[in-house]
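# Per-entry structural report
Here are the chains, one letter per residue:
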Amino acid sequence: MASKLLRAVVLGPPGSGKGTVCERIARSFGLQHLSSGQFLRESLGGGGEAGALAQQYLERGLLVPDHVITRLMMAELEKRREQHWLLDGFPRTLGQAKALDGICQLDLVISLNIPFETLKDRLSARWVHPASGRVYNMDFNPPHTQGVDDLTGEPLVQREDDRPEAVAARLRKYKDAAKPVMELYKGILHSFSGTETNKIWPYVYTLLSSRIPPVLPEEEH
Ligand code: G5P
Ligand code: MG
């Protein structure tokens, strides 16, 4: 019989390190990292109606309507039925969580609990490579050459929604929406608090190791 497929979710406010932690987990445990925000950002450039609509929400730091994001994520999950996966940024509302519950049983939910001031500082220092979704931070993981992506040499940009007004809106919205989601998952929820991803990481690694064999040791993330 095939071994059971891991179904995991990482929750946390904007800037809490979901992308950073998911990237490390994906590499260390050989699973698929699926970021709802990255899927949305990729859809923006397509010139389609859905992309144009999503842009209006993203720019302002507002949540995209449940039915839009749920349809998008269900389609992506359908393509990965035979793989271990880890969701980053989805579900974010109770409606989304219920839709996800309808198609699978989650094994594990990780919640990153990071102080508000730390989040604001991180987002103002974040630079991204739009095509790949690679994320840098001028203090934490700067690119080799300032302003350019390490792998492609292409320019880095700041996300529209990392402007201070949008950040404040995103942080406010997160709390209201996340509370009932955490409540729903309380039996499988593991919370990690702190101001540094590198300090949280060993605990996350240990937790994951108890569910799925690593393909890389903890230090090689
Ligand atoms: P996203 O893309 O899901 P957010 O707002 O949830 O966006 P974000 O901003 O991508 O989350 P993150 O992934 O939690 O943050 O954090 P990260 O990028 O890994 O780390 C943040 C920065 O801190 C980086 O520069 C990183 O290098 C740095 N960093 C990490 N650790 C440390 C550390 O220890 N020290 C320091 N100094 N720095 C560190 O969603 C975007 C939008 O899409 C829509 C919404 O409009 C949303 O606003 N959307 C949805 N709408 C409805 N429902 C959904 N499910 C949606 N999903 C997305
Ligand atoms: Mg992210």
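About the cut-offs
Residues numbered from 1 in each chain as written. Chains lettered and ligands numbered in written order. Predicted model: local features only at pLDDT ≥ 70, side-chain atom pairs only at ≥ 80, totals over all residues. Heavy atoms only, no water. UniProt positions renumbered as here; feature names shortened; annotations may be inferred. 1 Å grid on protein atoms, 1.4 Å probe; cavity = no way out; pocket = protein on both sides within 12 Å on 5 of 7 lines; lining within 4 Å. Near = heavy atom within 4 Å. Polar contact = N/O pair within 3.5 Å; in protein donor to acceptor, adjacent residues only side chain to side chain. Areas by Shrake-Rupley, 256 points an atom, 1.4 Å probe, with all protein chains shown as cover. Helix = DSSP H or I, 4+ residues; strand = E, 2+ residues; numbered from the N terminus. Nonpolar A, V, L, I, M, F, W, Y, C, P; charged D, E, K, R; others polar. Pairing = 2+ DSSP bridges. Axes fitted to C-alpha atoms, helices over the stretch in contact; angles between N-to-C directions. Contact = heavy atoms within 4.5 Å. Points joined across faces, edges and corners; volume = space filled by probe spheres on them.

- The name given to the protein in an unreviewed UniProt entry is GTP:AMP phosphotransferase AK3, mitochondrial, with the source organism recorded as Taeniopygia guttata.
- What UniProt records for the protein under Subcellular location (unreviewed entry) is the sentence "Mitochondrion matrix".
- In its Function (unreviewed entry) section, UniProt records this for the protein: "Involved in maintaining the homeostasis of cellular nucleotides by catalyzing the interconversion of nucleoside phosphates. Has GTP:AMP phosphotransferase and ITP:AMP phosphotransferase activities."

## Some details on the UniProt feature "binding site: GTP" (unreviewed entry) in the protein
- Here, UniProt's "binding site: GTP" (unreviewed entry) annotation points to Gly15, Ser16, Gly17, Lys18, Gly19, Thr20, Arg126, Val135, Tyr136 and Thr197. Among the residues just listed, Lys18 line the largest cavity.

## Points about the site of ligand 1
- Neighbouring residues of ligand 1: 35 residues in total, closest Thr20, Leu62, Arg92, Arg170 and Thr197.
- A distance of 2.9 Å is found between an oxygen atom of ligand 1 and a backbone nitrogen or oxygen belonging to glycine 19.
- Contact between ligand 1 and arginine 170: an oxygen atom at 2.6 Å from a side-chain N or O atom of the residue.
- Contact with the protein chains covers 95% of the free accessible surface of ligand 1, which is 1,100 Å².
- At the level of elements, α1 (18-29), α2 (36-44), α6 (116-124) and β6 (134-137) are the ones that each hand at least two residues to the shell around ligand 1.
- Take the shell around ligand 1: its biggest share by element is 4 residues, from α2.
- Residue composition of the shell around ligand 1, by class: 13 nonpolar, 13 polar and 9 charged.

## As for the sheet that holds strand β1 (residues 7-11)
- Spatially, β2-β3-β1-β4-β7 is the arrangement adopted by the 5 strands of the open sheet, whose pairing is parallel. Each of the sheet's edge strands pairs with one partner strand only, and the pair in question is β2 (32-35) and β7 (189-193). This sheet shows a mean twist of 20 degrees between the axes of neighbouring strands, independent of strand direction.
- Pairing of β2 with strand β3 (residues 85-88) involves 4 bridges; the strand directions are parallel. The partner of histidine 33 across the bridge, within β3, is leucine 86.
- Taken strand by strand, α2 contacts β2 and β3, and its axis lies near 65 degrees from that of β2.

## Considering the layout of surface pockets
- As a volume, the second largest pocket reaches approximately 290 Å³.
- Together, 15 residues line the second largest pocket, and Pro13, Asn113, Ile114, Tyr174 and Lys175 are the ones closest to its centre.
- Broken down by secondary-structure element, the contributors of at least two residues to the lining of the second largest pocket are β4 (108-113), α6 and α7 (164-184).
- Looking at the lining of the second largest pocket residue by residue, the class counts come to 10 nonpolar, 3 polar and 2 charged.

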